[in-house]
Amino acid sequence: PLSLVCMYNSHAHTLSYIDLEFNKRANPLLTPTITETLLDQLFAQLQIQYRTVYDISIRRSDMVDLDSSTRKKFSRHWILHLPNGALFSDAREAGVFVRGMVSRLEEERVSGRLRRRGHDLLADNLFVNAEEDESNEEEEEDDGNENENET
């Protein structure tokens, strides 16, 4: 998915930290406006996951949203401050939580449930292109070099 990554000390209690990344050139349809709507849909699913797994309600105001995007890469970091200071007991527990959410979303994408909920963008972009297809660029460079050699 949008590269959901959780990073923490593996043996310490930890906040929920989600790293969302994708290559902009490899995903040209994900404009800034569309990406924000996609993030809204992803956050709604994160709310469902916390409510279902831990009976915790979260709001956007519980989250620090850091934007580290560059010209080439979309990069946002979500740090959630859960109610009552709740923390994951360790990185393993956090990983199980995130993998459970991704697994559920994949099942709902395949079954059409995400679309029925009105989360078409998330259904279409749960898995984005990881890297830009460089084969076209290499072919163009080769063609250019061949032309230079011929003249």
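Everything below is about the structure printed above this text.
The text that follows walks through the structure, step by step, so that each part is easy to find. (Residues numbered from 1 in each chain as written. Predicted model: local features only at pLDDT ≥ 70, side-chain atom pairs only at ≥ 80, totals over all residues. Heavy atoms only, no water.)

When we look at a pair of aromatic rings, we describe it by the centre distance and by the angle of the planes. Using the criterion set out here, one finds 8 aromatic pairs in the structure. Taken together, a centroid distance of 5.8 Å and an interplanar angle of 80° make the contact between Phe43 and Trp78 edge-to-face. A residue pair is termed long-range when its members are at least 10 positions apart, and Phe43 in helix H1 (residues 32-54) and Trp78 in strand E3 (residues 73-80) qualify at 35 residues. Ring plane angle 35° and centroid distance 5.6 Å describe the contact between Tyr54 and Phe97, whose orientation is recorded as tilted. A residue pair is termed long-range when its members are at least 10 positions apart, and Tyr54 in helix H1 and Phe97 in helix H2 (residues 91-111) qualify at 43 residues. Given a relative accessible area of 28%, Tyr54 falls into the partly exposed group. Look at Phe97 and you get buried, because its relative accessible area is 4%. One aromatic cluster is present, built from ring pairs that chain together Tyr50, Tyr54, Phe88 and Phe97. Positioned above the aromatic ring of Phe43 is the side chain of Arg60, whose terminal nitrogen or guanidinium carbon lies 5.1 Å from the ring centre. (Phe/Tyr/Trp six-rings, centres within 6.5 Å; stacked < 30°, edge-to-face > 60°. Helix = DSSP H or I, 4+ residues; strand = E, 2+ residues; numbered from the N terminus. Buried < 20%, exposed > 50% of the residue type's maximum accessible area, 1.4 Å probe, protein only. Lys NZ or Arg CZ within 6 Å of the ring centre and 35° of its normal.)

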